[in-house]
Amino acid sequence: MLTNLTIALDMMGGDYGPRSSIPAAVQAVNANTNLRLILCGNQQVILKELEALDSVSHPRLIIRHCSEVVTNACEPASAVRSKKDSSMRVALDLVKSGEAQACVSSGNTGALFFMAHYVLKMLPGVKRPALISAVPTERKNPVYLLDLGANVHCDAQTLYQFGIMGSVVAGQALGCDNPRVSLLNIGSEDIKGHEGIKQAAQLMQQCEYLNYTGYSEGSDIFSGKADVIVCEGFVGNVALKTCEGIAKLIMHKLTKALHKHFLYKSLAFLLRPVIKKLYKRVNPDQYNGASLVGLRGIVVKSHGNASPKAFHAAIDEAAREVERQLPEKIAAIFEQTHPTTK
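Definitions and limits used
Residues numbered from 1 in each chain as written. Predicted model: local features only at pLDDT ≥ 70, side-chain atom pairs only at ≥ 80, totals over all residues. Heavy atoms only, no water. Helix = DSSP H or I, 4+ residues; strand = E, 2+ residues; numbered from the N terminus. Buried < 20%, exposed > 50% of the residue type's maximum accessible area, 1.4 Å probe, protein only. Contact = heavy atoms within 4.5 Å. Areas by Shrake-Rupley, 256 points an atom, 1.4 Å probe, with all protein chains shown as cover. Core = buried A, V, L, I, M, F, W, Y, C linked by side-chain atoms within 4.5 Å. Domains from an automatic or database assignment. Axes fitted to C-alpha atoms, helices over the stretch in contact; angles between N-to-C directions. Parallel < 35°, antiparallel > 145°, perpendicular 65-115°, else oblique. Left-handed = near helix turned anticlockwise from the far one by under 90°. Nonpolar A, V, L, I, M, F, W, Y, C, P; charged D, E, K, R; others polar. Pairing = 2+ DSSP bridges. Right-handed = clockwise from strand over helix to strand, strands pointing away. Phe/Tyr/Trp six-rings, centres within 6.5 Å; stacked < 30°, edge-to-face > 60°. Lys NZ or Arg CZ within 6 Å of the ring centre and 35° of its normal.

A. Layout of the overall build of the protein. Of regular secondary structure, the protein possesses twelve helices and eleven strands. Counting over 342 residues, the protein shows a buried share of 51%. Pairs at least 24 apart in sequence give 73% of the contacts found in the protein among residues at least 6 apart. With the model as given, the accessible surface of the protein reaches about 16,500 Å², and the carbon-plus-sulfur share is 53%.

B. Local environment of the environment of G41. Secondary-structure assignment places G41 in strand β2 (residues 35-41). Here G41 falls in the buried class, since its relative accessible area comes to 0%. It is 9.2 Å that separates the C-alpha atoms of G41 and A91, two residues lying 50 residues apart in sequence. When sequence neighbours within four positions are dropped, the list of residues in contact with G41 reads M12, I46, R64, H65, C66 and S87.

C. Structural view of the nonpolar core. Among the nonpolar cores identified, the biggest contains 76 residues, and L92, V230 and V299 are the most heavily contacted of them. Among the elements that take part in this core, helix α6 (residues 156-174) stands out by supplying nine residues, more than any other. Both domains that meet at this core, namely domain 1 (1-125 + 293-341) and domain 2 (131-283), each give it at least three residues. In this structure L92 touches C103, L112, M115, A116, V119, L120 and V299, once residues within four positions along its chain are discounted.

D. Representation of the packing of helix α4 (residues 87-97) against helix α5 (residues 109-120). Running from amino to carboxyl end, α4 crosses α5 at an angle of 30°, the nearest separation of the two axes being 10 Å. Compared by their axis directions, α4 and α5 come out roughly parallel. Relative to α5, α4 is oriented so that their crossing is right-handed. In this structure, α4 contributes M88, R89, L92, D93, V95 and K96 to the contact, and α5 contributes A111, L112, M115, A116, Y118, V119 and L120. The class makeup of the residues in the contact of α4 with α5 is ten nonpolar, no polar and three charged.

E. Spatial organisation of the sheet that holds strand β9 (residues 228-230). Across the sheet, which stays open at both edges, the eleven strands sit in the order β3-β2-β1-β4-β11-β10-β5-β6-β9-β7-β8 with mixed pairing between neighbours. Of all the strands in the sheet, just β3 (61-65) and β8 (211-216) have a single pairing partner and so form its edges. Neighbour-to-neighbour, the strand axes of the sheet open up by a mean angle of 25°, direction not taken into account. Where strand β5 (residues 130-135) and strand β6 (residues 143-146) come together, four bridges link them in antiparallel fashion. The partner of A134 across the bridge, within β6, is Y144. In this fold α5 packs onto β4 (102-105), β5, β10 (290-293) and β11 (298-301), with an angle of close to 180° to the strand it touches most, β11.

F. View of the pairing of β2. Burial within β2 is extensive, with six of its seven residues counted as buried. Since strand β1 (residues 5-10) and β2 lie parallel, the crossover through helix α1 (residues 18-31) that links them has a hand, and here it is right-handed. Sheet topology places β2 next to β3; five bridges connect them, and they run parallel. Note on β3: the bridge partner recorded for G41 is H65.

G. Geometry of the packing of aromatic side chains. Here the structure, examined in full by the defined rule, presents one aromatic pair. With a centroid separation of 5.8 Å and 75° between ring planes, the pair formed by F113 and F114 is classed as edge-to-face. Residue classification places F113 among the buried positions, given a relative accessible area of 6%. K121 extends its terminal NZ or CZ atom over the ring of Y118, reaching a point 4.8 Å from the ring centre.

H. Structural detail: the environment of L210. Looking at the element boundaries, L210 is found in the loop between α7 (195-206) and β8. For the pair L210 and I164, spaced 46 residues apart in sequence, the C-alpha separation works out to 6.7 Å. The contact partners of L210, leaving out residues within four places of it in the chain, are Y160, G163, I164, S167, V181 and M204.

I. Molecular detail of α4. Within α4, eight of the eleven residues are buried, which leaves the element mostly enclosed by the surrounding structure. Where α4 is concerned, the buried positions are S87, M88, R89, V90, A91, L92, L94 and V95. Of the residues trailing α4, G98 is marked for its positive phi of about 90°.

The quantities given are spatial measurements derived from coordinates; they are silent on function.
Here's what the structure looks like:
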């Protein structure tokens, strides 16, 4: 574990802003004594929230005042040009300067994508960054799904590169040397899918680095048949949010059913440890924190409606990525697989 870890937080982004990010920051530094957080945002607002938590004088919570905020209504290109003192931009600048080793934001996804691309730049050989996150499966290990919305449409070369980056992420996270990589498609047969998917499949099959296992359908996401599933951002974002909605629906229906009759309530009391374990397994909060991979720095995107617990999970994910040195690992693989791009 790193003994000197600094992460910059965009405190003003998301639906709840400091009401969610401040409690999460306090929880994170209390849980990890090696962690130092730079809180980027309106100093007066941040201090007010810290006072409510009796944490104003915490030695590992440093406030960096920012006069601007990137709202959900901001156009990405406009945010890059005109929001240079926003909490999002300052957090990214801290990563670029080396003052922070990673940044976390629950703000405008499009603006974060454009701004991170502009500030941090791409790793050599990488065409586009991608959002990647873990999704629970039937088995012990999760599956890593990308892209989750950074790129609505992708050509074959981009999907192929996503497979390489996803393989690096899964390999580091799961501790395996040869992660199984699959392409999300409308069927498992080779003839299925549009031309771009078919071309991406050919590129993956020809790559010695990738353990490409073929196509996956939507119903395969939770099966654990693959360690990495690659798709376009539009498809991935819909798939992820559908997964989260299903998890919430299952828990809602189960809770409602168990409280409907006295007999069921008694059964619920007996099954409480099992239900808590199930909820912990499928609760989307623990999987919050999609990594924007392919950049020359670590950026983690939290859900816009993240609770303090979920935002804390995103901070933890950023810390793990710093320890795994993901940008350096991805760059090393791209030197091998893309030798002509420097």
